[in-house]
Every structure is written in structure tokens, then in C-alpha cells.
Amino acid sequence: MDLHGKSVVVTGGNSGIGAAIVRSLAAAGAAVVIDYVSQPEDAADLVKDIVAAGGRAIGVEADVTTTAGIDKLIGTAVDEFGQLDAFVNNAGMELRHSLLEVDEETFAKVMAVNLTSAVFGTQRAAKRFIQQGTGGVVVNVSSVHEDWPMPGNLSYCVSKGGMRMLTRTAGVELGPQGVRVGSVAPGAVDTPINAATMKDDALRQKLENSIPLRTVAEPSEIGDVVAFVVSDAAKYMTATTVFVDGGIMHGSVGL
Ligand code: BGC
């Protein structure tokens, strides 16, 4: 996989799956804009590692629930690296609650971070690709729960279901203009979003027993697939989802 000469934005790029995506992209030669909203030191550490290995990366504080934040990221990619070739909508949050429990404010927050950010990230990136005349790629980091109901995880499932149709609708709309849109849908991954499960041995065991490959994923196992979707190796892929879940969707229940 060769991403030399490509300039890529990763939202929520300083932690969890986002940080692994940044590392995979940079290892393949891409220059990366690392978006963050908190823990700037994590973005700075990533930049330091990438630069020490001879790569290019920059951390940018931006709130991707606003178009101003998204435009700031794209502007930085263009100013620092000359253009924009790919945009990864990775920023996300998960607050567990059922339909009967959820209130309007909580639902709106999850939708803003997980879905509205991705809608306008896709829109702003696509406008830039079209203006450049280069084509480009958007990757949406979704979840098995884009298609797999999980009781007690209502807002998250609704947001990921929305992302599923964002990828398909935007992919169909933008294909004729040389813009690809793909989703990568992880299952259970060892990241801060799953810290409560990972810390509890019994819960972790129960989760791993429900996964055909019998282990949660390392973040790098998702990052590498995102880098593949960004690359020309996936140049015929659009408007669809790659599931990277150890088979969990076909195992038992979401945990
Ligand atoms: C969620 C995890 C969950 C996994 C499998 C992921 O999208 O973030 O909390 O364990 O799906 O159900």
C-alpha cells in the first residue's frame, strides 16, 4: 500500500481507532492532519513519532460538530500539504442507554458527534475534491451496529445506521465526480470507548467468547483496513462497508 504524496485528515485522530488510523496512514507514506478536541499531548506524541520516522503530520484542535471546525482541518491540509486527497470521519462517542431512557439532549449530542460531523465532513471534503479536480476518498468509521441492533445502545446504533446510508447515498451521488465514499465497520476494539468492558475480566471474557475469532481487535487492525480503503488498491470500492469484526455480527449478541 503506497500513500506517498497523499494528504489525509483524520477526525478524532488523537485517540483509540483514530490514532491507529493516523499511524497506519503515515506508515504508508501519507501526510496526516490529526484532529483533536481534548488531550493535545496525545496528538503531539503522534506527530513526534511520525516525524521521527521521516513522515509528515500536524495536530489541529477543531470541533467537527461545526462546519467551521471541519473547514479548519481541510484548510490546514491544503496549506501544509498542498491539497486534500482523503478525509476520514472517525470522531465518535458511545453513551449506553435504551430508547425508554434517552433524553433529547443526550440523543442530539451523540448524533452531532457521530453523524452530523460525518455528513458535513463528507460534504466539505467532496467540495474540495471537486474544486481541485483530483477526485478523492471519504472513509466513514462506522460500526457493526450500523446494521446490527444493540438493545441499550440506542443513540449509537441510530447514528451508525445513519452513517451506513450516508456512505451509500454520498457514494452514489459523488461517484461520477471521481469521489469514493466507503465505510469501515469495526466490531469490538480495545480502545478507550470500550474501557469499562476491557477492565472487567468477566465482561471481557463474555465478549470474547461471542466473537468467532475469540479476541477483541487491536486498533491497528482497523487502522490498516482504513489505509487500504484510502489507497488505490481499493479504487473500485465505493458506497459500501467493509466489516472488520472478527465475525462478531454472526456470533451472538452485541456487548
Ligand atoms: C461498540 C462496542 C461494542 C462492539 C460490539 C462497537 O461499535 O463501540 O462498544 O462492544 O461494537 O458490539
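Structure shown above.
Participant: Residues and numbers for the overall build of the protein, please.
Facilitator: When you go through the protein residue by residue, the secondary structure sums to eight helices and seven strands. In terms of C-alpha radius of gyration, the protein reaches 17 Å, essentially the compact-globule figure of 18 Å for 255 residues. With the C-alpha coordinates of the protein rotated into their principal frame, the extents come out at 50 × 40 × 35 Å. Among the 255 residues that make up the protein, the fraction classed as buried is 52%. Taking the contacts inside the protein whose residues are at least 6 apart along the sequence as the reference set, 73% of them involve residues at least 24 apart. For the protein, the exposed surface amounts to about 11,300 Å²; the carbon and sulfur share of it is 54%.

Participant: Give me the packing of helix α4 (residues 104-132) against helix α5 (residues 154-174): which residues, what numbers.
Facilitator: Contact pair α4 / α5: the axes reach a minimum separation of 8 Å and the direction vectors enclose 15 degrees. As summarised for this structure, α4 and α5 are arranged roughly parallel, according to the angle between their axes. Considering how the two elements wind past one another, α4 and α5 form a crossing that is right-handed. Within the contact between the two elements, α4 uses Phe 107, Val 110, Met 111, Asn 114, Leu 115, Ala 118, Val 119, Thr 122, Ala 126 and Ile 130 and α5 uses Leu 154, Ser 155, Tyr 156, Val 158, Ser 159, Lys 160, Gly 162, Met 163, Leu 166, Ala 170 and Leu 174.

Participant: Hey, could you go over α4 for me, with residue numbers and the actual values?
Facilitator: Three or four residues apart is the spacing at which side chains of an α-helix point the same way, because the helix has 3.6 residues per turn. In a regular helix each residue adds 1.5 Å, so 29 residues correspond to 42 Å; α4 covers 40 Å between its end C-alpha atoms and thus fits that length. The principal kink in α4, of about 45 degrees, is found at Ala 112. Its side-chain oxygen 3.1 Å from the backbone nitrogen of Glu 105, Asp 103 forms the N-cap of α4. One or two residues past the end of α4 sits Gly 133, with phi positive at roughly 75 degrees.

Participant: How would you summarise the nonpolar core if you had to cite specific residues and measurements?
Facilitator: Counting 36 residues, the largest nonpolar core has Leu 25, Val 88 and Val 230 as the members making the most contacts within it. Contributing elements (two or more residues each) for this core: β1 (7-10), α1 (16-27), β2 (31-36), α2 (40-52), β4 (86-89), β5 (136-141) and α8 (219-230). Filtering out sequence-adjacent residues up to four positions away, Leu 25 remains in contact with Leu 3, Val 8, Val 10, Ala 30, Val 32, Ala 227 and Val 230.

Participant: Lay out the environment of Ser 7 with the relevant residues and their values.
Facilitator: Looking at where Ser 7 falls in the secondary structure, it is placed in strand β1. Spatially, the C-alpha atoms of Ser 7 and Val 78 are 8.2 Å apart, while their sequence positions differ by 71 residues. What Ser 7 contacts, discounting residues up to four positions off in sequence, is Ala 31, Ala 77, Phe 81, Gln 83, Leu 84, Asp 85 and Ala 86. Polar side-chain contacts of Ser 7 include one of 2.6 Å to the backbone oxygen of Gln 83.

So, how was this worked out
Residues numbered from 1 in each chain as written. Predicted model: local features only at pLDDT ≥ 70, side-chain atom pairs only at ≥ 80, totals over all residues. Heavy atoms only, no water. Helix = DSSP H or I, 4+ residues; strand = E, 2+ residues; numbered from the N terminus. Rg over C-alpha atoms; globule rule 2.2 N^0.38 Å. Buried < 20%, exposed > 50% of the residue type's maximum accessible area, 1.4 Å probe, protein only. Contact = heavy atoms within 4.5 Å. Areas by Shrake-Rupley, 256 points an atom, 1.4 Å probe, with all protein chains shown as cover. Axes fitted to C-alpha atoms, helices over the stretch in contact; angles between N-to-C directions. Parallel < 35°, antiparallel > 145°, perpendicular 65-115°, else oblique. Left-handed = near helix turned anticlockwise from the far one by under 90°. Expected span 1.5 Å × (residues − 1). Bend = angle between axes of the 7 residues up to and from the residue. Polar contact = N/O pair within 3.5 Å; in protein donor to acceptor, adjacent residues only side chain to side chain. Core = buried A, V, L, I, M, F, W, Y, C linked by side-chain atoms within 4.5 Å.

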